[in-house]
Each structure stands twice: as structure tokens, then as C-alpha cells.
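Observations on chain architecture
This is what each chain is made of:
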Amino acid sequence: MLRLILRRVALSVPLLLVVTAVTFVLQSLIPGDPARSLLGPSATPEQYEALRQALHLDQPVLVQYRDYLLGVLHGDLGRSIFTGEDVAGTLAVRLPVSLSLIIGGTVLALLVGVALGVMSATRGRALARFVDVFSLVGGALPNFWVGLVLAAIFAVALGVLPATGYVPFEFSPALWAQSLVLPVIALSLSGIATIAKVVRDGVQGAMAQDFMRTLRAAGVPRRVLIWKHALRNSSVSLVTVVGVIFVASLSGTILVENVFVLPGIGSLAVTATARQDIPVIQGIALAFTIVTIVVNLLVDISYALLNPKVRVS
Amino acid sequence: MSSSPTPRRRPRSASLTANPVATVALVVVALVAIAVALAPVLSPYGSNEQDLAHIFEGPSAAHWLGTDSLGRDVLSRLLWGGQPTLLGVLAAVVAFVVAGVVLGVLAGTIGGWVDALVSAVADILMSLPGVVLILAILAIFNQDLAPAMIALGLLGSGSLVRVVRAAVLAVRSELFVSAAIVSGLRPGRIMARHILPTVVSPVIIQASLFAGAALAVQSGLGFLSLGVHPPEPTWGGMVGEAAANLAKAPWLLTVSGGIITLVSLGFALIGDGLRDADAARRRGGEVAAPRTVAAPAAPAAATAAAADAASPGATGAVLEVRDLVIAFGGRPPREVVRGVSFEVRAGEVLGLVGESGSGKTVTTLAALGLLPPGAAVTSGRIVLAGADVTGADDAAFRGIRGRRVGLISQEPMVALDPLFTVGSQLGDVLRHATDLDRRQRRARALELLAQVHLPEPAAVLRKYPHELSGGMAQRVAIALALAGDPELLVADEPTTALDVTVQAGILDLLRELQAARGLAVLFVTHDLAVVADICDRVVVMENGEIVESGSVDELFARPREAYTRELLASTPNLVSTT
């Protein structure tokens, strides 16, 4: 178990180096630089040189990279080329929005997916068929499109939920929840489909095990066999897929936040990309990588916790 | 090894045609791709040809899919917009396949530090948040789509690297490749002739599934107006345009989202279909066994029979089986038990003897309502502890299983849930098979473990099944079966999987418990020595029918049937044990 964690942590160092290095390496490979595209063709050479100095682009790439890494170690992710705002500070302000969305989407996917999966494993073929189709279609529907359809129905046609905007939790928990309902559903759809299928297969597999016969014959009711023993025996694959879904939600939130105009990290990422605001997008990539590393670490630790053979030794 | 170098090629196409859904998906995706490629020929209008007199029109003869906010023909924009979209997907898939195959084959064939390095790279690739990096690359390359989609392919290739590596390792260990290496074929030739063909199938499957993901990302970028600039159409961009006019023309959202979903669904179905076909071939190429489930036990017959019996269990038997017929589903249904009748009286030990396949286990499972899916009682009657349980469901068995009858099965090591402690499982059973409260249940659990002669019962309660030996696990299983103090114990080959020395201990325990509790036991076995040792009466089954029955002494002294004589003869040490 300790070895497992150490391997993950050891792998995360090159991972973070790769993620941070990619942008520096690529920038040095291609002609032109952010200063040129920021200023446009009408800028004077003096303006250009001044901006290059301000952005430290006049330094060798390795020096730039070293300075960036040193900054990162002190929590300094640089400043936005465009607004001059501190990247770390901006991320900290926007993180709660994205996390609300991602955690909400993962929890919803877990609840609905498990319920759907268990029912389709135990309630006959029609529902199993439905889950098959649902997981295919749910996986194929683009989440931004689902978000738009939801907005068209519940915000535009029925007017029961807001189509866009975000209300901070501190301001009003009720409005906060309302503003998240549609985005969370849009984000969770493919996760629901995936989890339903994994749980269905897991529960079916577990129910076919010999020990289920032992417990059934000894009078343990089916409901306990399903919700306790079958689910527990599917827990490893369930945890794996929840981790995958959480990480996928990091990507999904980029689109969903744009559909619902939520001021999270995802919409910041799009703005930064459109403006070529490299420090911002780099900060986001770093933040998402760290979240991914932490999630994968938690998944690995829970493997060990879920397996009695590992836990004892 | 007689297998030809490329034994896997032909069955793939054959199995794809055997999967109509995947075939249809392939045709649909191909048609869309061809139409998009022929956009300059096929599209009735230019991609940006405006007609402000005809905006937001529905489908018509002039505009098959209607027009958008600027009166542009939607069909034409779909066809033109498919080009950057599908080209982006293609670039990503090509990068995915090249990186995955090259790295996977390198890792699989060279091994050593190369393998370790490639595996680490694959691990890293798989733990990167892909889409954000794509955005970063888009930003650096000033919104150029090609490098972004190639990067997407590279970032996604971690999973393919693993699949290819595993496939290469598998084929390397096969005999014909070793033979080729020994016979001095050049590595390049071995690669081309033997290794590459075997990775083709997993690569196509993975590529097809990845194409769906790439399409999602590509259309997402289009939706965000990244990579391709409006007014140039992309499928995702058209969703964005539709979103801006959601209230005026919801139709536009259907068309643009529909084409993305259709193609993405197509990729998924092709991948799934190929994977199923591949899995079927691995199982030996046979078509999946028919899974038709026989109609659950004819309830009409059962209730009629129940009505006939004035009072079930009037014979004083704990278990009474009459004219039992059990069939497995399929066309035609296969009868595995035909007209079996016997009863187990209170306090007696009845041996149910026969070779494997004689139907003895299925018969006992039917008595407990535990037939596997696909098998069903088609006629006859089972009365257990005074209740007619013929074809009964779980609800009807409530109060019977655990409290009136217990089961011990053959393999103690798989009879317990590996993820729960002995105490937890015993607690579960006691909660439902007794009316004891929490504290009493713990005392009873300790008492039960002591009764099956497990040393240190308190320590055993805390143990997981993998910490028990086979003999200990079987003793725990016996404790589970007896937890609800049943009057009948069904023991299905309870000693077969155990060492000989352990067998004797378990038999002693069963004999002791039987005597102490006055248990009735249905003892299923193929071992006549065990029968002679423990049973009062014997029923002999062959091919789903009872061929002979009687008291143990009688049967052993004067076996009437040839089959029984054969069984007796095949147990040479019987005389000494009797």
C-alpha cells in the first residue's frame, strides 16, 4: 500500500514537470511570440521590446522555465498577460464554482448510476436493455448540447430554472443550488451511463458467485445480498470509474460552464485560450493536473482500503 | 503448432457481418464521411451563402434541412462543416494509432528498461487532464487546429499503448512465434508476419472508441469557436449558432446535435461490436449459448398439486419431493431431472448418490429454490418443512431458508464473501434467521463457532475468509447453515474439496451435530464410503432419474441395479470402512 502511494507520488513529479514544460518548449519551437500577437501588426519595435521584457520573453527559455518553477513552488503562477491579474488568485476565486459543479455532477452520477445499475441487474431484461441503450446514447450525446436542450426546456420553455448565471453559496444557498441544477445534470449524464453499466455488470457478476448461494440459503434476504454484498463486491470497479468520471468532469466543465455562463475555471480556460493568455491557461493546466493526481491517489488508497488482503498486511 | 501465421484475420470480418448493429453503424458512418468528403459536389449551396429573405425556415424542397439565422442552407453547412470536424478527428485518430502501436510494440518486444519507460509514459499520459492541455496548445499555436488534434491523439494513446503491449506479450509467448525466433527469422519479419496481425483487432477497437472521444472534443472546440473561426462552419460551431437562436429556431439545435450524436454513436457501436466479436472469438468462436430462460415453474400445475394434497407434509417428512422434473431453458428445453421422488424424514440422514451430471445437485438446489438462472421446475411438487415451495420465489422462502433448512456446499473457499469478516456474515444470517437482539447474536455467534469446534471463536469472528484454511472455512459454513437452528441440513458434497484428513474431521462434526440436534440431513455425494459411514437410507440417481433406493445395509448387501453395483465396485476400500 505504501509502495503504491510512493509510486504515485514519484510519478507525479515528472508529470508536473511535463505539464509545465510543454508550454515553454512549444513556445520556443514556434515562430512568433505572445508579445507579437498581443500587440498586433501596428506596434512599434520599442513597444514590442518593452512588452517582451515585461513578459520575460527576452530571457532564454530555460531561465524562463526555472523562474516559473521557482514561482510555482511559492504559490506564484504568474500574471495574466491580458488583465495583469494574479493567476493563483483568479483560480482561487473561480475554483469553488467549478468544484461545486464537478463534485455535484460526480455525486449525482454516483447516486443515479448505482440505482439504475442495481435495478437493471436485478429487475429483469427490459431495464437491462434500457441501461444498455442509455449508456450508449448517454455516452454519445455531447454534454454542451444536452445542457442547451435542458436550458431550452426548463429555462426557456418552462421558466422554472435559470438558464445562465451563478449565485455564490454564501449569498443564497437556495439560489446557488438552483443555478447548479441544469449544469450538474448536463455534466453528469455520461457519468450516469458509465456507472450504471459498471454497477450492473459488477452486481450481476457478484450475484453469480457461490457465496451468494450460501447466504441466500442461510436466510439472508435478497435486498441485503444486493445492496450490501453485491455492491461491496463491485466497489473496486465502482471507485475506479468514479475517479475516471471525476477527472473527465474537469474537461466536461469547460464546456458546461460556457453553456450556462458560470464564472468557473472552465470558462476562464476558454477566454484565456481565445486571448492566448498563456500564463492563465498554464496555471489552469497545472491546477487540473494536481487535482487529477490527488484523485488518482485517493483511488489508489481506496483500492487498498477496499481489499481486506491488502489492508491486513 | 498447426495454426497458420494469420489465423485471426478472416474471422474478424465474418464476425462483424454477424453483428448487424455494428454493420449498420459502420455503413452510416461511412456514408456520412463520404457525403462530407464530397461536400463541394453534393452541397446545394455554398457554406456561407446568405439569403436574408429566407431565415429560420423549416425543411423544404429548396432547403432540405431548413435555413439558419442568416438564411444559409443548413444541409450545406453540415456537409462543409463536417470537413474540419472529421479531419480533426482523423488527425487525432492517426496520431493515437501511430503513437499507441509504436510505443506498445516497442515495450512488448524489447522489454527491459524500454518497457518500464514506455509504461511510465503511458501512466503519465493517462493521468493528464487532456482537454485543458489541448486548450493550452491551441493558445500557443494561435488557434491552429491541427497541432491540437494531434496532441489529443498523443494524449489519449496511453490506453492503446497498454492494450498493444499486452497483445504483443501474449503473442510472443505463443509457440509459433518462439518457433520462428528459434528458426532464425529476422525480427522485422517476425513482426510483420506474426505480431502485427494480432494487434490489428484491438487497435481497430480502441481507435473506433477513441474516435468518438475525439469527435466530442472536436465539436466542443467548435462550439467554443476555438480552432475554426466563424463564419466557417463546424458541427460544434453550428450547435453554438443554434444556441444563440434557441427561442426562435429550436430545430437548428436538433440538426447540429443530431449529426454529432449520430456519428459518435456510430463510432461507439462499431467499437463495441468489434469488441464483442473479438471476445466471442476468444471464447473459441462459438456463438453465445442461447440464453432463453424457461418459463418459471408452471404455477398452475404446482397450485393444482398443492390443492390435491390435503395437508402438505402429512407423511411426517421434513422434505418431500414428488415426481420432480427440472429443465434447462433453450429450444427444446433439456430435462436434467425426470420424475424424481423421495423424502427426508425428521432426524434421518438420507444419502443422495450419483456421478456428477446425474442431477443430484440440481435436485437439492430446486428444493431450496436456488436453481441457477435458466433452470426451472417444470412439473412435480416439493414440500419443505410443511410448505409447498414448488417454484416459489424468495418471498415465499422467507422463514424457511435459514430457520427450517440450511445448506452446506462443496467449495468452502468460495462459499463465504471474501470482503466481509466471518463475524459480519454470521451476524447477517443471525439477524434474518433468528429473532435475537444484537448482543444475543454475538453470544450465539461465539457459541456456534465453538459448536463447530473452531478454536478461539472470538478471533475467528474477526477473520476474513482468506485467513481461513479450507477445513476452517467449511466449519464456518456449517455454523452459518445451522445459525437459525434448522431441522433439515442439505449437505452438497461437503467434503469433496477437502484434504482426506480434514474430510474425516468434518464428517465427525456432521455426525455429532446430527445426533445432538436430531437433524435431518440430505447428504449429496458421489462417495459411497461416506454414505456407508453416515447415512441411514440411500437414493441412487443416474441421468436425472432415481434407479434404486433403500436402507444403506440393504443396498450395500444386495444392490439390485447394475449401476449401483458399478458404483460399489468403483469404491474399492468400501469393505474396510463399513
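Residues numbered from 1 in each chain as written. Chains lettered and ligands numbered in written order. Predicted model: local features only at pLDDT ≥ 70, side-chain atom pairs only at ≥ 80, totals over all residues. Heavy atoms only, no water.

**Some details on the packing of aromatic side chains**
For the record, the criterion: We call Phe, Tyr and Trp rings a pair once their centres come within 6.5 Å, taking the six-membered ring for Trp, and we label the pair stacked below 30 degrees between planes, edge-to-face above 60, and tilted otherwise. Numbered from the N terminus, helices here are DSSP runs of H or I no shorter than four residues, and strands are runs of E no shorter than two. Exposed residues in this analysis have more than 50% of their type's maximum accessible area, buried residues have under 20%, and partly exposed residues fall in between, with area computed by a 1.4 Å probe over protein chains only.
One pass over the structure, following the stated rule, counts 4 aromatic pairs over all chains. A centroid spacing of 4.6 Å and a plane angle of 20° characterise the contact between Phe-144 of chain A and Phe-223 of chain B, whose relative ring orientation is stacked. Residue Phe-144 of chain A is found in helix H7 (residues 143-157), and its partner Phe-223 of chain B is found in helix H10 (residues 187-223); the two belong to separate chains. Across the pair, exposure class does not vary: Phe-144 of chain A and Phe-223 of chain B are buried alike. Judged by centre distance (4.1 Å) and plane angle (0°), the rings of Phe-96 of chain B and Phe-210 of chain B are stacked. Here Phe-96 of chain B, found in helix H4 (residues 74-110), pairs with Phe-210 of chain B, found in helix H10; they are 114 residues apart in sequence, far enough to count as distant. Among the residues examined, Phe-210 of chain B registers a relative accessible area of 11% and is labelled buried.

**Section: the packing of H7 of chain A against helix H8 (residues 173-207) of chain A**
Residues and elements named next belong to chain A. To keep it simple, the criterion reads: Only C-alpha atoms enter the line fits that serve as axes; for helices the fit covers just the stretch in contact. Angles between N-to-C directions range over 0 to 180 degrees. Should the near helix be turned anticlockwise from the far one by less than a right angle, the crossing is left-handed, and should it be turned clockwise, the crossing is right-handed. Contacts are assigned to residue pairs that have any heavy atoms within 4.5 Å of one another. Amino acid classes used here: Ala, Val, Leu, Ile, Met, Phe, Trp, Tyr, Cys and Pro are nonpolar; Asp, Glu, Lys and Arg are charged; the rest, including Gly, are polar.
Running from N to C, H7 and H8 point in directions that differ by 145°, and their axes come no closer than 8 Å. Along this stretch, H7 crosses H8, giving a crossing that reads as right-handed. Two secondary-structure elements touch here, H7 through Asn-143, Val-146, Gly-147, Leu-150, Ala-151 and Phe-154 and H8 through Leu-182, Ile-185, Ala-186, Leu-187 and Leu-189. Tallied by class, residues from the contact of H7 with H8 come to 9 nonpolar, 2 polar and no charged.

**Focus: the nonpolar core**
As a rule of thumb, nonpolar side chains are buried together in soluble globular proteins. Put simply, the test is: To form a nonpolar core, buried Ala, Val, Leu, Ile, Met, Phe, Trp, Tyr and Cys residues must be joined to one another through side-chain atoms within 4.5 Å.
Within the largest apolar cluster, 122 residues are counted, with the highest numbers of intra-cluster contacts made by Ile-284 of chain A together with Leu-221 and Trp-235 of chain B. Ranked by residue count, the leading element in this core is H10 of chain B, at 13 residues. In this structure Ile-284 of chain A touches Leu-91, Ile-265, Leu-268 and Ala-269 of chain A together with Val-132 of chain B, once residues within four positions along its chain are discounted. With 77 residues, the next largest nonpolar core counts Ile-195, Ala-230 and Val-241 of chain A together with Leu-430 of chain B among its residues.

**A look at the domain arrangement of chain B**
When the parts come together, some accessible area is lost, and that loss is often what is quoted as the size of the interface. Inclusion rule: Reported domain spans reflect what an automatic or database domain assignment gives.
Domain annotation of chain B identifies domain 1 (18-39 + 65-284) and domain 2 (317-577). Between the C-alpha centres of domain 1 of chain B and domain 2 of chain B there is a distance of 54 Å.

**What about the side chain of Ser-188 of chain A?**
Among the secondary structure elements, Ser-188 of chain A is positioned in helix H8. If near-sequence neighbours (up to four positions away) are discounted, Ser-188 of chain A is found in contact with Gly-105, Leu-108 and Ala-109 of chain A.

**Some details on the domain arrangement of chain A**
Residue and element names in this part refer to chain A. Here is the rule we go by: Simply put, the buried area is the total loss of 1.4 Å probe accessible area from both parts when two parts are fitted together. Salt bridge, as used here: a side-chain nitrogen of Lys or Arg that lies within 4 Å of a carboxyl oxygen of Asp or Glu. Whenever two N or O atoms come within 3.5 Å, that pair is a polar contact, provided that in protein one can donate a hydrogen and the other can accept it, and provided that, for residues adjacent in sequence, both atoms are side-chain atoms.
Taken domain by domain, chain A holds domain 1 (12-73) and domain 2 (90-312). Relative placement of domain 1 and domain 2: their C-alpha centres are 36 Å apart. Each side of the interface is counted separately: domain 1 has 12 residues, and domain 2 has 9 residues. Summed over the three residues of domain 1 that lose the most area to domain 2, namely Leu-16, Val-19 and Tyr-68, the buried surface amounts to 41% of that side. Linking domain 1 with domain 2 are 0 salt bridges, by the criterion used here. Our count for the domain 1 to domain 2 interface comes out at 1 residue pair in polar contact (both at pLDDT 80 or more). Among the elements that take part in the side of domain 1 that touches domain 2, helix H1 (residues 2-29) stands out by supplying 8 residues, more than any other.

**Digging into the sheet that holds strand S5 (residues 387-388) of chain B**
Residue and element names in this part refer to chain B. Definition in use: If DSSP finds at least two bridges between two strands, the strands pair.
Pairing in this open sheet of 4 strands is antiparallel, and the strands run S2-S1-S4-S5 from one edge to the other. In this open sheet, the two edge strands, each paired with only one partner strand, are strand S2 (334-345) and S5. Strands strand S1 (317-328), S2 and strand S4 (375-384) of the sheet are contacted by helix H14 (residues 360-367), whose axis makes an angle of about 115° with S1.

**Points about H8 of chain A**
Worth spelling out the cut-off: One less than the residue count of a helix, multiplied by 1.5 Å, gives the span that helix is expected to have. What the bend at a residue measures is the angle between two axes, fitted to the seven residues ending there and to the seven starting there.
Taking 1.5 Å as the rise per residue, H8 of chain A with 35 residues should run 51 Å; its terminal C-alpha atoms sit only 42 Å apart, a clear shortfall. The sharpest bend along H8 of chain A reaches about 45° and sits at Ser-188 of chain A.

**Re the packing of H4 of chain B against helix H8 (residues 158-172) of chain B**
All names here are of chain B. We apply this condition: Working definition: roughly parallel below 35 degrees, roughly antiparallel above 145 degrees, roughly perpendicular at 65 to 115 degrees, and oblique for all remaining angles.
Where H4 meets H8, the axes come as close as 7 Å, and the angle between the chain directions of the two elements is 40°. On the basis of their axis angle, the class for H4 and H8 is oblique. When you trace H4 past H8, the crossing you get is right-handed. In contact with Phe-96, Val-97, Ala-99, Gly-100, Val-101, Leu-103, Gly-104, Val-105, Ala-107, Gly-108 and Thr-109 of H4, H8 contributes Ser-159, Leu-160, Val-161, Val-164, Arg-165, Val-168, Leu-169 and Arg-172. A per-class count over the contact of H4 with H8 returns 12 nonpolar, 5 polar and 2 charged.

**Description of the sheet that holds strand S8 (residues 520-525) of chain B**
Residue and element names in this part refer to chain B. With mixed pairing, 6 strands are arranged side by side in an open sheet as S6-S7-S8-S3-S9-S10. The open sheet is flanked by strand S6 (405-408) and strand S10 (545-551), the only strands paired with a single partner. Adjacent strand axes in the sheet meet at a mean angle of 15°, parallel and antiparallel pairs treated alike. Two elements, S6 and strand S7 (residues 488-492), share 4 bridges in a ladder whose sense is parallel.

**Examining unusual backbone geometry**
A positive phi angle, close to 50°, is found at Val-261 of chain A, a residue other than glycine. In this structure, Val-261 of chain A sits in the loop between helix H11 (235-259) and helix H12 (265-274). Its relative accessible area of 52% is what places Val-261 of chain A among the exposed residues. The phi angle at Asn-142 of chain B is positive, at roughly 50°, despite the residue not being glycine. Among the structural elements, Asn-142 of chain B can be located in the loop between helix H6 (130-140) and helix H7 (145-156).

**Regarding H11 of chain A**
All names here are of chain A. Compared with the 36 Å implied by 1.5 Å per residue over 25 residues, the 34 Å span of H11 between its first and last C-alpha is a close match. Of all the bends in H11, the greatest, near 40°, is centred on Gly-252. Of all 25 residues making up H11, 18 are buried, and the element is well covered by its neighbours.

**Quick notes on the interface of chain A and chain B**
Listed as interface residues are 62 residues of chain A and, on the opposing side, 64 residues of chain B. Interface area, chain A with chain B, both sides summed: about 5800 Å², of which 73% is carbon and sulfur. At the junction of chain A and chain B, the tally comes to 2 salt bridges. We note a salt bridge from Arg-216 of chain A to Asp-394 of chain B, for which the minimum N-O separation is 3.0 Å. Put simply, chain A and chain B have 12 residue pairs in polar contact (both at pLDDT 80 or more) between them. Taken together, the residues of the side of chain A that touches chain B break down into 38 nonpolar, 13 polar and 11 charged.

**A look at the environment of Tyr-68 of chain A**
Residue and element names in this part refer to chain A. Within the element layout of this structure, Tyr-68 appears in helix H4 (residues 61-73). For the pair Tyr-68 and Ala-21, spaced 47 residues apart in the sequence, the C-alpha separation amounts to 9.8 Å. Beyond its immediate sequence surroundings of up to four residues, Tyr-68 is in contact with Thr-20, Phe-24, Leu-77, Gln-282, Gly-283 and Leu-286.

**Focus on the environment of Leu-231 of chain A**
Residue and element names in this part refer to chain A. By the secondary structure assignment, Leu-231 is in helix H10 (residues 222-233). A residue is classified by how much of its surface remains accessible, and Leu-231, at 17% relative accessible area, is buried. Along the primary structure Leu-231 and Glu-49 are separated by 182 residues, whereas in three dimensions their C-alpha atoms are 63 Å apart. Leave out the neighbours within four places in its chain, and Leu-231 touches Val-114, Val-118, Val-199, Val-203 and Ile-226.

**Structural notes on the pattern of salt bridges**
Any two side chains of opposite charge can pair if their charged atoms end up close together. Throughout the structure, instances matching the rule amount to 27 salt bridges over all chains. Because the salt bridges share partners, they merge into one network encompassing Asp-132, Lys-197, Arg-200 and Asp-201 of chain A.

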